[in-house]
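# Fold and contact review
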Amino acid sequence: MSGETTITIIGNLTADPEPHVTQSGLSVTSFTIASAARTYNKQVEQWQDGEVLFMRCSAWRDLGEHVAESLTKGSRVIASGRLRQRTFETTDGDKRTVMEMTVDEIGPSLRFANARPVKAARGNGQANHNGNATNGGAPAGGFDDPWASATPAAVGARGGGWNGNGDEPPF
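Remember, predicted model here, so these are calculated numbers, not experimental data.

The rules we used
- Residues numbered from 1 in each chain as written.
- Predicted model: local features only at pLDDT ≥ 70, side-chain atom pairs only at ≥ 80, totals over all residues.
- Heavy atoms only, no water.
- Helix = DSSP H or I, 4+ residues; strand = E, 2+ residues; numbered from the N terminus.
- Buried < 20%, exposed > 50% of the residue type's maximum accessible area, 1.4 Å probe, protein only.
- Contact = heavy atoms within 4.5 Å.
- Core = buried A, V, L, I, M, F, W, Y, C linked by side-chain atoms within 4.5 Å.
- pLDDT = per-residue confidence, 0-100.
- Salt bridge = Lys/Arg side-chain N within 4 Å of Asp/Glu carboxyl O.
- Phe/Tyr/Trp six-rings, centres within 6.5 Å; stacked < 30°, edge-to-face > 60°.
- Pairing = 2+ DSSP bridges.
- Polar contact = N/O pair within 3.5 Å; in protein donor to acceptor, adjacent residues only side chain to side chain.

### What to know about the overall build of the protein
When helices and strands are tallied, the protein shows two helices and six strands. The order of helices and strands in the protein, counted from the N terminus, is β-β-β-β-α-β-β-α. Out of the 171 residues belonging to the protein, those deemed buried represent 26%. Sequence separation of at least 24 residues holds for 54% of the intrachain contacts in the protein that already meet a minimum separation of 6.

### Observations concerning the nonpolar core
In this structure, Phe31, Ile33, Cys57, Met101, Val103 and Ile106 are the most contacted members of the largest nonpolar core, which totals 14 residues. Elements that contribute at least two residues to this core include exactly strand S1 (6-13), strand S3 (27-41), strand S4 (46-60), strand S5 (76-89) and strand S6 (95-108). The residues touching Met101, leaving out its near neighbours within four places in the chain, are Ile7, Ile9, Met55, Arg56, Cys57, Ser58, Ala79, Ser80, Gly81 and Arg82.

### A short note on the confidence of the model for the protein
The share of residues in the protein with pLDDT of 70 or more is 70%, and the mean pLDDT across the chain is 80. Segment residues 128-147 is flagged for pLDDT under 50; beyond a separation of four residues in sequence, or across chains, it makes 29 contacts in the model. Low pLDDT, under 50, characterises residues 149-165; the stretch is placed with 17 contacts to residues that sit more than four places away or in other chains.

### Examining the pattern of salt bridges
Here the structure, examined in full by the defined rule, presents five salt bridges. Here Asp49 and Arg38 are joined by a salt bridge, their closest N and O atoms 3.6 Å apart. Of this pair, Asp49 sits in strand S4 while Arg38 sits in strand S3, placing them eleven residues apart in sequence. Comparing Asp49 with Arg38 shows no difference in burial state: the two are exposed.

### Considerations on the packing of aromatic side chains
Taken as a whole, this structure holds one aromatic pair when the rule is applied. Considering the side-chain rings of Tyr40 and Trp47, the 5.4 Å spacing of their centres and the 70° angle between planes classify their relative orientation as edge-to-face. The class of Tyr40 is partly exposed, set by a relative accessible area of 40%.

### What about the pairing of S1?
Note: S1 against S5, seven bridges, orientation antiparallel. Each bridged residue has a counterpart across the sheet, and for Ile7 the counterpart in S5 is Gly81.

### So, the side chain of Thr32
Note on placement: Thr32 falls in strand S3. A distance of 2.8 Å separates the side chain of Thr32 from the side chain of Arg56, its partner in a polar contact. Apart from residues lying up to four places away in sequence, Thr32 is in contact with Asn12, Leu13, Thr14, Phe54, Met55 and Arg56.

### A closer look at the environment of Ile7
Along the polypeptide, Ile7 turns up in strand S1. On the basis of relative accessible area, Ile7 is assigned to the partly exposed category, the value being 23%. Through-space distance from the C-alpha of Ile7 to that of Ala79 is 8.2 Å; in sequence the pair is 72 residues apart.

### Regarding the pairing of S5
Both S5 and S6 contribute to a ladder of 13 bridges, which runs antiparallel. Bridge pairing in S6 places Ile78 opposite Gly107. Hairpin geometry of S5 and S6 is characterised by an intervening segment of five residues between the two adjacent antiparallel strands and by a positive phi of about 90° at Gly93.

### Side note on unusual backbone geometry
In the Ramachandran plot, Glu45 falls in the positive-phi region, its phi being about 55° despite a non-glycine side chain. Note on placement: Glu45 falls in the loop between S3 and S4. The backbone of Arg61 shows a phi angle near 55°, a positive value even though the residue is not glycine. Relative to the helices and strands, Arg61 resides in helix H1 (residues 61-70). Overall, Arg61 belongs to the partly exposed group, its relative accessible area being 39%.

Below is the structure:
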């Protein structure tokens, strides 16, 4: 969006992501990313951590649900989103201002780890009466995406082109 402050942060999750459901039924997952600069000190010949930034983050709807299912405490992540400033009043009447990040994209860092992405069924970010996310009426196996599950073996088994009708994929 125009005029918003966007940032990218690389760091580690300080705890397991915490999924919640708002009063209006939207799902949101909250978590904190800790990021520290690391420099090599030639005088003592070792790496040293600098000041740590603790960025409180929220991911809404399907993204939040995917975060809660995929990431755990200690996971190294790369997150991009919009920086928000929020002011509130404590019970003592003091005004506080906090900086938070609304995450638009997040994933594991592959610098020191491996990951195997699995395409998730699309939902609508709403929760049902049990607090569980719903998939917006999508079929049990996910949404109707003819390209999602096609493998070379499956294509050959269908006989002919990409979807069995002689059609080729649009790429």
